[in-house]
Structures are given as structure tokens and as C-alpha cells.
Amino acid sequence: MTQYNKAAAARHDIHVYEHLTPDVVLDALASVGLLGDGRLMALSSYENRVYQVHLESPVGSAELAGDIVVVKFYRPDRWSDAQILEEHGFAAELMAAEIPVVGALELNGTTLNHFKGFSFSVSPSRGGRRPELDNLDVLEWIGRFLARIHTVGAARPFVHRPALNLQTFGHASRDVLLAGGYLPLDMESRWHQAFDEAMTVAQGVFDSVPHARQLRLHGDCHPGNILWTPEGLPLAGPHFVDLDDARSGPAVQDLWMLLSGDRPQQLRQLGALVDGYDEFGEFDRRELALIEPLRTLRLVHYSAWLAQRWHDPIFPINFPWFGSSDYWKGQVDMLIEQTEAMQAAPLVA
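Residues numbered from 1 in each chain as written. Predicted model: local features only at pLDDT ≥ 70, side-chain atom pairs only at ≥ 80, totals over all residues. Heavy atoms only, no water.

1. Some thoughts on the sheet that holds strand 4 (residues 113-115)
Strand pairing in a sheet relies on backbone hydrogen bonds. The paired strands run either parallel or antiparallel. Put simply, the rule reads: DSSP-based pairing: two strands are paired if at least 2 bridges between them are found. Counting from the N terminus, the helices are the DSSP runs of H or I reaching at least four residues and the strands are the DSSP runs of E reaching at least two. Every axis in this analysis is a line fitted to C-alpha atoms, fitted for helices over the stretch in contact. Angles between the N-to-C directions lie between 0 and 180 degrees.
Strand order in this open sheet of five strands is 1-2-3-5-4, and the pairing throughout is antiparallel. The open sheet terminates on both sides in strands that have one partner only, identified here as strand 1 (36-43) and strand 4. The sheet shows a mean angle of 35° between the axes of neighbouring strands, taken without regard to direction. Strand direction decides the pairing type here: strand 1 and strand 2 (residues 49-55), joined by five bridges, are antiparallel. Its bridge partner being in strand 2, M41 is matched across the sheet by Q52.

The following block contains the structure:
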């Protein structure tokens, strides 16, 4: 058992989310005038706790009567109220620009409410499926909306939400992992060396694109955060959900997570995304060099994310391999691969 596993095993305190019972969820909704009929389903989310709730006749919100809503209880101490409200404000700007983003409802005069120590928001429920990213027409459609999202995102900066860069996703993540003793002794020096080499190369690539625009982004635009409605149905096309990771950064951050497969496949996918993007904006192709550095930062940040949430009981259950020597050997191998990828010719579009 690794050092951090021993520490976790010795903890007997109750995680805050264990107090979030179905009754608390329904009482929180009632506090903002929404009456649940008792049907409640937990949705997939590790970061926050998210529930789909069927409503009766809500007080003061007749337009929601009989509807289904999604209520999100934010992980305590992750974002400040100001940072959450800034995310909600960004979503509201996007919706005002007729971009299909699912944002929080204003209830009791605000989109962010509090109940028994929890911060929560309520959104309309939107159905849909994952987009078919092997369909180039689908990618073009998504690319058009990403350009429109970035046009709104470029209008003004975030004030409270952080940027995505080498410090916030790279060095800060390293500090979390090393300070907390999350790496086994047999892998710590190897991981640290691989990390340092990767960050040196990543810094060089970022320095080679010095004038990349920093704008407000979705920030976590992977296929699971895009709900697709087929053509011929109401509200056809993509709906972008979960701006919880909205940050400032380069536009390409919202494109690269939609790429998959080998290099020829990624080139085709990227070409379709950029073709759609260029219909409503001008994509700076110099940013394509940042794809592999951004992928590397996400790799490191993911390990730190797991470490910082390990006291949440849902994490040891779902990620039992985290912290093992095999896990960290895999991370070292991936950092070495990413260091090579960052030095190779970037994708083109």
C-alpha cells in the first residue's frame, strides 16, 4: 500500500457529499420554488454531483411545470462563487448570441443558490447523444459553432477564472503530486525527470507561438460535453453543455479533444473542424503547434486531479489503479511519448 493509500485508509471523516441525500437535493430545489415529484436520477459526474429531477408544478416558474431539470451541486472549495457566476455569465452571453449552450436558470434572482452549505444551480434538461465524429459534416457543424463561441469569448476576458497554461496545468500539478507524496518511491525520480523534459519542450513550443490569442473557452470540449440531435428533429445539431472548466486559453484547446485515431484520421477531422470554423471566424493555424503541448498538460493535470479528489469515496472505487507503480510507469512512458510528439511536425489544416 502506498503512502497516500495508507493515509486515505486512516481517514474516518465523512466526505461532504455523503450529506447530499435525495431529501437534501429535493429540499434544495424546493428552496428556489421547484417542487420535485420524487423521481431523481444521479447523472455521471465525478467532479460535482449532478441529478436529473422530474418536477411537479413549481412555484413562480410555470414554464417549467412538468419539465425535467438538471441540478448541479458544485464541489466545495473548488471554485469561488465569483468564478461560478462568471461561468454562468459566459453561458448567458453565448445563449444571447443564439449559440446552443445549456446554461443555468435564474431562480430567486440569481443562477447560483445555496442550501445547507452546498452551492447549486439548475438547468433545463436537454436530451441528445454523442456526436458521430467520423462524420465530417458533423465536425464542420461543430466547428461553425466553436467559431461563434470564440467570437463571444474574445469580446472580453475572464476576471476571476484562471488561464490554462504551463503554470496552472503543469507546474502547479507537479507541486500537488510531489508535496502530497502521491508517487511511489520507485517511480518518483523517473516521473520528475520525464516531467521536466516534457515541460522544457512544451515551453519552447509555446514560445514559438507568442501571439496566440487568449480568450474565454469552453475549456473541456470533449465529445461527452456535446449533445447531438439528428437532423429532422427540433433543435437539430450540437448542444454544448458543462462549462464547469471554462478558462482562458488559445482557441485550439476547444478543437483538439475532438480528434482521435491515427495521424491521417486526425488530419481529416481537423480539416473539417477548421473548414467549419473559418465560415464564422478566422482560425489561427499557428496554434496547431500547441495541440501536443496542451495534450501533455492535460495528462499531468489529470493525475493531479485524481490526487486532489482521493478523499472523495467515489474516486478510490472508480480509479483503484491510481498510485500504483504500474500507473506511474504508464505516466512516465506517456510523458516520453508526448515529448517526442511535441518535437514532431504539427498537424496541418
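That was the structure; now back to the text.
2. Digging into the pairing of strand 5 (residues 118-124)
Cut-off, in case you're wondering: The classification of residues rests on relative accessible area computed with a 1.4 Å probe and restricted to protein chains. Under 20% of the type maximum is buried, over 50% is exposed, and intermediate values are partly exposed.
When you tally the buried positions in strand 5, you get seven out of seven residues, the bulk of the element. Neither face of strand 5 is exposed, since F118, F120, V122 and P124 on one face and S119, S121 and S123 on the opposite face are all buried. Summarising the sheet, strand 3 (residues 68-73) and strand 5 pair through five bridges and their orientation is antiparallel. Paired with V69 across the two strands is P124, which belongs to strand 5. The pairing of strand 4 with strand 5 spans three bridges and is antiparallel. Residue pairing across strands places F115 opposite F118, the latter belonging to strand 5.

3. Some points on the confidence of the model for the protein
Put simply, the rule is: pLDDT is a per-residue confidence score from the predictor, ranging from 0 to 100. Should any heavy atoms of two residues lie within 4.5 Å, those residues are considered in contact.
Averaged over all residues, the pLDDT of the protein is 92; the fraction at 70 or higher stands at 93%. For the stretch residues 1-12, pLDDT sits under 50, and the model shows 13 contacts to residues farther than four places along the chain or on other chains.

4. Things to note about the pattern of salt bridges
Applied cut-off: Take a side-chain nitrogen of Lys or Arg and a carboxyl oxygen of Asp or Glu: if they are within 4 Å of each other, that pair is a salt bridge.
Tallied over the full model, the rule gives 19 salt bridges. The closest approach of N and O atoms between R49 and D312, which form a salt bridge, is 3.0 Å. With R49 in strand 2 and D312 in the loop between helix 9 (291-308) and helix 10 (314-318), this residue pair connects regions lying 263 residues apart in the sequence. A salt bridge links R129 to E132; the shortest N-O distance between them is 3.8 Å. Among the residues examined, E132 registers a relative accessible area of 41% and is labelled partly exposed.

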